[in-house]
Amino acid sequence: MKRIFTGLTDTGLVRSVNQDAFYYDPEGRFFIVADGMGGHAGGEEASKLATKTIEEYLLVHWDSEKSSGELLKAALLKANDAIVEDQRQYPERSDMGTTAVVVLFRQSQDQNVEESWVAHIGDSRLYRLRGHNLDQMTVDHTWVAKAMASGVLDQEQGRTHPWRHVLSQCLGREDTQDEDIDVDLIELQGRDRLLLCSDGLTEELPDGTIASTLKSIRACKSAGEKLIQLAKEKGGRDNITVIIVAMDSD
């Protein structure tokens, strides 16, 4: 399927520095969103280092015999190592880290069909819009998400809980291992749309608003601009980053 895509980022209305980073392969083979943390310099460096390392690893090893799931895990672990090494060289950035969500389109190992995969760590998300239904394809790596899954908190409590930003996993930790990175095959159909985003979007907009915006505005760039505008109208308290990928069955 042909893919049409765009990526946009905005500092928002409160932060003075944009600690988000994104990258999309010009050929539409993979897409990355990262949301850094650890102070102005640290967060900005962590997200940029993660996206650059993941990009380079995927390009160098694209034709390797690794499965797509293995390739994604290896790329994110390489990014984790790069951030940890940077922390050692620059102690002032010792507490920096970043989330990451990556979508990859690659031929299966038997080369008969193109598969779609997602890998993520942290609370940057992937959504899939199909018709009128918006599905969150990733599970946040946060204390609140675990509490909601176990029934300790309901959805409304989780959305406003003061610990909702506390990550249980991220890149930039010496103890990060491959089991900390979630990797899944994505099932896609023609006219589906994917949204990769940082939590600067989802903190301000409920899923219903995201879904209605994606449904009403078909052009990827226009939809991305509208989502960022709406998030800023709701406060824009964090950096806001979106990548939209439209699947064209024609």
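Everything that follows concerns the structure shown earlier in this document.
This structure is a prediction, so every number in the text was calculated from the model and none was measured. (Residues numbered from 1 in each chain as written. Predicted model: local features only at pLDDT ≥ 70, side-chain atom pairs only at ≥ 80, totals over all residues. Heavy atoms only, no water.)

Quick notes on the side chain of Thr-53
Argument step 1. Within the secondary structure, Thr-53 is located in helix α1 (residues 39–60).
Argument step 2. If we skip the residues at most four places from it in the chain, Thr-53 touches Lys-78, Ala-79 and Ala-82. (Helix = DSSP H or I, 4+ residues; strand = E, 2+ residues; numbered from the N terminus. Contact = heavy atoms within 4.5 Å.)

Some points on the nonpolar core
One recurring pattern in soluble globular proteins: nonpolar side chains tend to sit buried together.
Argument step 1. With 25 residues, the main nonpolar core has Ile-54, Leu-58, Leu-76, Ile-83, Val-102, Leu-104 and Leu-171 as its most contacted residues.
Argument step 2. Of all the secondary structure elements, the ones that give two or more residues to this core are β3 (30–37), α1, α2 (68–89), β5 (100–107) and β6 (114–121).
Argument step 3. With 7 residues, the single largest contributor to this core is α2.
Argument step 4. The contact partners of Leu-171, leaving out residues within four places of it in the chain, are Ala-50, Leu-76, Ala-79, Asn-80, Ile-83, Gly-97, Thr-98, Ala-100 and Ile-121.
Argument step 5. Ranked by size, the runner-up nonpolar core spans 21 residues in total, among them Leu-134, Ile-210, Ala-223 and Ile-240. (Core = buried A, V, L, I, M, F, W, Y, C linked by side-chain atoms within 4.5 Å. Buried < 20%, exposed > 50% of the residue type's maximum accessible area, 1.4 Å probe, protein only.)

A few points about the sheet that holds strand β11 (residues 240–248)
Argument step 1. Taking strand neighbours across the sheet as the criterion, the 5 strands line up as β1-β11-β10-β7-β8 in an open arrangement whose pairing is antiparallel. The outermost strands of the open sheet, each flanked by one partner alone, are β1 (2–10) and β8 (133–136). On average, each strand axis in the sheet is inclined to that of its neighbour by 15 degrees, with strand direction left out of account.
Argument step 2. Judged from the 5 bridges that link them, strand β10 (residues 193–197) and β11 form a sheet pairing that is antiparallel. Looking across to β11, one finds that Leu-194 is bridged to Val-245.
Argument step 3. Its contacts with the sheet put helix α6 (residues 207–216) on β7 (125–130), β8, β10 and β11, and the angle it makes with β7 is roughly 50 degrees.
Argument step 4. Contacting β1, β10 and β11, helix α7 (residues 220–233) runs over the sheet at an angle of about 30 degrees to β1. (Pairing = 2+ DSSP bridges. Axes fitted to C-alpha atoms, helices over the stretch in contact; angles between N-to-C directions.)

Observations regarding the pattern of salt bridges
Argument step 1. Within the structure shown, the criterion is met by 17 salt bridges.
Argument step 2. Note that Lys-52 and Glu-56 form a salt bridge whose closest N and O atoms lie 3.7 Å from each other. Placement of the pair is Lys-52 and Glu-56 together in helix α1, with a separation of 4 residues, close to one helical turn.
Argument step 3. One salt bridge connects Glu-187 with Arg-128, and the closest N-O pair in it is separated by 3.8 Å. You can see Glu-187 sitting in the loop between β9 (182–186) and β10 and its partner Arg-128 sitting in strand β7, a full 59 residues away along the chain. (Salt bridge = Lys/Arg side-chain N within 4 Å of Asp/Glu carboxyl O.)

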